[in-house]
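Understanding the architecture of this molecule
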Amino acid sequence: LSARVSKIRLDKNGAQLGKHEDRAKPLQHALEEKHDGPATSLALTADSFEAHHHKHDVMVVNFYAPWCHWCKKLEPVWEKTAATLNQKYPGDERLKLAKVDCTAHNAESLCIKNRVDAFPTILVFRKDDTGTSLHESYHGERSVPAITAWSENFLAQVKNQVPKTRMVDSDKDGVADSHHGVGCMVSGLLHVQRAPGMLVMQAVSDGHEFNWETMDVSHTVNHLSFGPFLSERAWTIIPPHIAAAVGSLDDHQFASDQHIPTTHEHSVKVVRHEVTPSSGRRDPVVSYGYVSHSNNIQKVGEVPTVRISYDILPIIVQYSSQKQAFYHFITNLCAIIGGVFTVAGIAASLVDKGMASLQKKQELGKLG
């Protein structure tokens, strides 16, 4: 019915990079650009990539697929941008634009290594990169002026004219045109009907086409709960087994197999609990606990998705506990003590009778 949801960018280590903000106006990609001159960007393969990677201070690479609609629209823009930079900075080898065909046999491994699962993907590589370096990706407008201005920012960084950064906002609209985020943390509050429903998380873009075979929807459920937030007093009242059911999926991790489209399904059954304090003089504490069952679906052609289906059951579990009065304790204690004396008396009586029987037999000379 209503939602308050925020999205935070995460790097490959899970560190937060900043809040994802929707742009005030949609990006205006150049869809009818023409380039009549020769191709000026570097065409790279897995064999030639590393040599060029460490030759140029900054190398901006367009990972594409020939069948991709958006890649076809970007190709003349990319070549015209490369030509524009060559004309503005003739002979300058510090900044180069390159491209990689991810469908080519001699380049497929390169795209897998850089986890390219959307086309086109534009990544930034630097001469001093190491095996653990982060490569920022471009998310700005795909036009010759926009990509040229964005690329020139890296040349300015090389010349120490501007501070070095991996988050660039070249058009100064408050939204980063490039960043090194590869993941996302979704948090918020949803108001829904008290009826079965489903939460669906899936990659969607109005400017990319996806390679579902490499799409990774591995995730961690930090917290998932239903109903109102519980106060500190409420947490002290509800018993441990009910408290654990409030967030059954909390801190659980779910990993996808590489190169196999994997969909994660979580089925959740929600039950209302009413816990009456032992004093009995306060209103019951209401919480919603749930049990969950998780399953993976691996199927070629399946779009990798995270689905959380929930069902709020028409069941109320009422829980109450009463403390016994002190006189109950005294009564039970006396009963125990009385029982001990009774058993001891019976044992003593048996022992006395046994001793008497032995003594009588001895007097009669029957003990041998």
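Residues numbered from 1 in each chain as written. Predicted model: local features only at pLDDT ≥ 70, side-chain atom pairs only at ≥ 80, totals over all residues. Heavy atoms only, no water.

Describing a nonpolar patch on the surface
A contiguous nonpolar surface patch, about 630 Å² in accessible area, is contributed by F326, F329, I330, L333, I337 and F341. Topologically, F329 is positioned in helix α7 (residues 326-363). (Patch = residues over 30% accessible without salt bridge, like charges linked within 9 Å, V, L, I, M, F, W, Y side chains within 5 Å. Areas by Shrake-Rupley, 256 points an atom, 1.4 Å probe, with all protein chains shown as cover. Salt bridge = Lys/Arg side-chain N within 4 Å of Asp/Glu carboxyl O. Helix = DSSP H or I, 4+ residues; strand = E, 2+ residues; numbered from the N terminus.)

Things to note about the sheet that holds strand β11 (residues 197-201)
Pairing between the strands of a sheet comes from backbone hydrogen bonds, and it takes one of two forms, parallel or antiparallel. Pairing is mixed across the open sheet formed by four strands, whose spatial order is β11-β17-β15-β16. Unpaired on one side and paired on the other, β11 and β16 (285-298) mark the two borders of the sheet. Within the sheet, the average angular offset between the axes of one strand and its neighbour, ignoring direction, is 25 degrees. Looking at chain direction, strand β15 (residues 262-276) and strand β17 (residues 306-320) are connected through twelve bridges and run parallel. Its bridge partner being in β17, H273 is matched across the sheet by V317. (Pairing = 2+ DSSP bridges. Axes fitted to C-alpha atoms, helices over the stretch in contact; angles between N-to-C directions.)

A few points about the state of the cysteines
As enumerated under the stated definition, the model contains one disulfide in all. In this model, C102 is linked to C111 through a disulfide, with the two sulfur atoms separated by 2.0 Å. Because the sign of the S-S torsion sets the handedness, a value of about -90 degrees for the bond joining C102 and C111 places this disulfide among the left-handed ones. Residue classification places C102 among the buried positions, given a relative accessible area of 8%. Look at C111 and you get buried, because its relative accessible area is 4%. As a non-bridged cysteine, C68 has C71 as the owner of its nearest cysteine sulfur, 3.1 Å distant. (Disulfide = S-S within 2.5 Å. Buried < 20%, exposed > 50% of the residue type's maximum accessible area, 1.4 Å probe, protein only.)

A closer look at the pairing of strand β7 (residues 121-126)
For β7, the tally of buried residues reaches six of six residues, placing the bulk of the element in the interior. Burial along β7 is two-sided: T121, L123 and F125 and I122, V124 and R126, pointing in opposite directions, are all buried. In terms of strand pairing, strand β4 (residues 58-64) meets β7 through six bridges, oriented antiparallel. By the bridge assignment, N62 is partnered in β7 with I122.

Here's the deal with helix α4 (residues 144-158)
The end-to-end C-alpha distance of α4, which contains 15 residues, comes to 21 Å, matching closely the 21 Å that a straight helix rising 1.5 Å per residue would cover. Listed as buried for α4 are V144, A146, I147, T148, W150, S151, E152, N153, F154, L155, A156 and Q157. Buried residues along α4 sit in contact with β4, α2 (69-88), β5 (95-101), β7, β8 (137-138) and β9 (178-179). Positive backbone phi, approximately 60 degrees, marks N160, located one or two places after α4. (Expected span 1.5 Å × (residues − 1). Contact = heavy atoms within 4.5 Å.)

Focus on the environment of H252
Within the secondary structure, H252 is located in strand β14 (residues 252-254). Among the residues examined, H252 registers a relative accessible area of 38% and is labelled partly exposed. On a C-alpha basis, the gap between H252 and V221 in space is 5.5 Å, while along the polypeptide they are 31 residues apart. Discounting chain neighbours no more than four positions away, the residues touching H252 are H219, T220 and V221.

Some thoughts on α2
Here α2 is 20 residues long and its end C-alpha atoms lie 30 Å apart, about the 28 Å a rise of 1.5 Å per residue gives. For α2, the full list of buried residues reads W70, C71, L74, P76, V77, W78, E79, T81, A82, A83 and L85.

Describing empty space enclosed by the protein
Evaluation of the coordinates by the stated rule reveals two cavities of 30 Å³ or more. Each pocket or cavity is described by its volume, and for the largest cavity that value is around 110 Å³. If you go around the largest cavity, the residues you meet are T40, S41, A82, L85, N86, Y89, D92, L95, K96, L97 and L155. Secondary structure elements with two or more residues in the lining of the largest cavity: α2 and β5. Here the lining of the largest cavity is composed, by residue class, of six nonpolar, three polar and two charged. Space inside the second largest cavity adds up to approximately 40 Å³. (1 Å grid on protein atoms, 1.4 Å probe; cavity = no way out; pocket = protein on both sides within 12 Å on 5 of 7 lines; lining within 4 Å. Points joined across faces, edges and corners; volume = space filled by probe spheres on them. Nonpolar A, V, L, I, M, F, W, Y, C, P; charged D, E, K, R; others polar.)

Taken by themselves, the reported measurements are silent on function.
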